[in-house]
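Here's the letter readout for the chains.
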Amino acid sequence: MAVTETFPELPLFDLRLEQSDLDAVAQTLRSGWLTMGPRTAAFEEAFAAQLGARHAVAVSSCTAALHLAYLAAGVGPGDEVIVPSFTFAATANAVLYCGATPVFAEIVSRERPDLDPEDVERRITPKTKAVCVVHYAGYPAAVDRLSELCDAHGLALIEDVAHAPSATLHGRKLGTWGLAGAFSFFSNKILSVGEGGLLCTDSDEVAALARSRRSHAMTSGTWDRHRGRTDTYDVVALGYNYRLDEPRSALLLSRLERLEQDIARRRELTLRYRGLLAQIPGLIVPYADSDVPESSCYVMPVLLEREGGQSEVARRMRERGIQTSIFYPAVHRFSAYRERFPDVTLPITELAAHTELTLPLFGHMTNEDQDRVAAALAEAVAAT
Ligand SMILES: *Cc1c(COP(=O)(O)O)cnc(C)c1O
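All figures in this text were calculated on a predicted structure; none of them were measured in a lab.

About the thresholds
- Residues numbered from 1 in each chain as written.
- Predicted model: local features only at pLDDT ≥ 70, side-chain atom pairs only at ≥ 80, totals over all residues.
- Heavy atoms only, no water.
- Patch = residues over 30% accessible without salt bridge, like charges linked within 9 Å, V, L, I, M, F, W, Y side chains within 5 Å.
- Areas by Shrake-Rupley, 256 points an atom, 1.4 Å probe, with all protein chains shown as cover.
- Salt bridge = Lys/Arg side-chain N within 4 Å of Asp/Glu carboxyl O.
- Helix = DSSP H or I, 4+ residues; strand = E, 2+ residues; numbered from the N terminus.
- Buried < 20%, exposed > 50% of the residue type's maximum accessible area, 1.4 Å probe, protein only.
- Domains from an automatic or database assignment.
- Contact = heavy atoms within 4.5 Å.
- Buried area = accessible area lost by both parts, 1.4 Å probe.
- Expected span 1.5 Å × (residues − 1).
- Arc of directions from axis to C-beta.
- Near = heavy atom within 4 Å.
- Polar contact = N/O pair within 3.5 Å; in protein donor to acceptor, adjacent residues only side chain to side chain.

Novice: I tried to follow a nonpolar patch on the surface on my own but got confused; where do I start?
Specialist: A surface patch of nonpolar side chains, about 240 Å² in accessible area, is lined by L15, L17 and L22. Following the sequence through the fold, L22 ends up in helix α1 (residues 19-31). Owing to a relative accessible area of 45%, L22 belongs among the partly exposed residues under this scheme.

Novice: Mind showing me how you'd approach the domain arrangement of the protein here?
Specialist: Quite often, the size of an interface is put as the accessible area lost when its parts meet. By the assigned domains, the protein splits into domain 1 (19-256) and domain 2 (259-383). Relative placement of domain 1 and domain 2: their C-alpha centres are 25 Å apart. Taken residue by residue, the interface counts 43 residues in domain 1 and 42 residues in domain 2. Taking both partners together, domain 1 and domain 2 bury about 3700 Å²; carbon and sulfur atoms supply 59% of that area. The three residues of domain 1 that bury the most area against domain 2 are R110, Y139 and I190, which together make up 25% of that side's buried surface. At the boundary of domain 1 and domain 2, one finds 2 salt bridges. Close ionic contact of D262 with R255 constitutes a salt bridge, the shortest N to O distance being 3.8 Å.

Novice: Can you help me understand helix α2 (residues 38-51) in this one?
Specialist: Residues spaced three or four apart along an α-helix point in a common direction, a consequence of the helix completing one turn every 3.6 residues. End to end, α2 covers 20 Å across 14 residues, agreeing with the expected 20 Å (1.5 Å per residue, within 8%). The set of residues buried in α2 consists of T40, F43, E44, F47, A48 and L51. Each buried residue of α2 sits inside an arc of 130° when the element is viewed along its axis, so together they form one side. In α2, the exposed positions that point more than 90 degrees away from the buried face belong to E45 and A49.

Novice: I would appreciate a short explanation of the site of the ligand in the present structure.
Specialist: Neighbouring the ligand are 16 residues; T63, D160, H163, S184 and K189 lie closest to it. A distance of 2.8 Å separates an oxygen atom of the ligand from a polar atom in the side chain of H163. At a separation of 2.7 Å, an oxygen atom of the ligand approaches a polar side-chain atom of S184.

Novice: Just checking my understanding: could you explain the pattern of salt bridges for this structure?
Specialist: Side chains carrying opposite charge are able to pair once their charged atoms draw close together. Tallied over the entire structure, the rule returns 21 salt bridges. With a shortest N-O distance of 2.7 Å, D204 and R54 are connected by a salt bridge. One end of the pair, D204, is in helix α7 (residues 204-213); the other, R54, is in the loop between α2 and β1 (55-59), and 150 residues separate them in sequence. Accessibility expressed as a relative area gives 37% for D204, which makes it partly exposed. Through salt bridges with shared partners, a single ionic network connects E312, R315, R316 and E319.

And the structure:
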C-alpha cells in the first residue's frame, strides 16, 4: 500500500537527500551486512575527527546516548541530576531510567533561554551527581561557567548536544566541554537519518562503558564473530540494545561531508530572518546576531511578548500554510512529571513555554519563503 501524506506548504523542517546519499545506502543494503559493523566504525571515526573528541560511540538515539552518559557519570538510585525543563523530555527521562531524580533548574531569560548557572548552583545538594546542559536551538549555553561550577563541586557535566552539531563556544566545539556529549540524528535534526544518536567523550573509561552497554555488555559483537575472531562471549554487566545499523551509518557518513555547508547556509538564513523579525512589534527574538556564527542554527525560535496568544498565532500561521511548533512545552508541566514532582515551579521557563513559537528553517528555504513567514507572523501577532 502506498503511503500518502499531505504536508503544509511551508513545513518546519524539510530534508533533501542527494544521489550520493542514496547510493551509499543502496550499496550498504547490497553488501548483505546490516547491523553495526564497518560503516558504523567509519562514521564514528569521521565524526570524532570533525568534533575533535577522542571517542565517538554511535547509538540508536540521543536518548540512549544520554542514558549511557548518565550511567557513565555514576548516576543511580538516590542521586539527583540537575537539568533544564525548557527542553525535550528525553533530557530528564534518561535520568529516571537510571532510577535517579531530575532536579529542574531555570533558564536565564526569554532572550537567552539557556540553563542558568546561578540557579543550578542554588539547586546543588549532597545528592547531586551531575548537571545536564542543553544547547537550545544550537546556541552555546554557558558551558564555560557550568564546567567550572561542576569541577568545584565534583559533579559530572553532560551536554545534550541534540541541537548543536559543530557549534562552538570560544572556538571549542559543543559536546566536548564535559564528561560526555549526546548528539541526535532524529528525523528533524540537522544531521538527520530517521533515528540515531552518538555519545562523544575524551574519557577512555566512559567510551568503554558506552561501547559495552550499547550491545548487551557482551564481550564480543556479531561483527567480530562474523569475521571469525571468536565464537563465544560473556555478558559482564546489564546492557541494552542501543546499536545503530549500517544503512543509517552509511547515510550519516555521506551527509556528514555536507554538514558545515548546511550549517553555513542555516546561519545566513538565520541572520536574514533576524533582520525581518526585528521589525515586528510584540516579538522577542532570542540571542543576538553576534551569537549566530557560533550556533548551528538548528531552529528559529521567537517568543510573543504577551502571554495568551500562542495558539491563536499558530492557528493563523497554519491557515496560511505555514507550520510552526513549540520548542518546548515545559517538561515539569507534563502529566507524567506533575504526578511525580507536583511542587516544581519555574516562572521564566513557564512563560517561555507559553509564548514560544518555532518558525520553519531548512537549508533550501528561499528568501520568498522567509518573507512569507515574516509577513504572516506580523499579521498574526498584530491581530492577536
Ligand atoms: C531530539 C532531542 C532529544 C532526543 O533525541 P532522540 O535522538 O530522538 O532520542 C534529546 N534532547 C533534545 C534537546 C532533543 O531536541
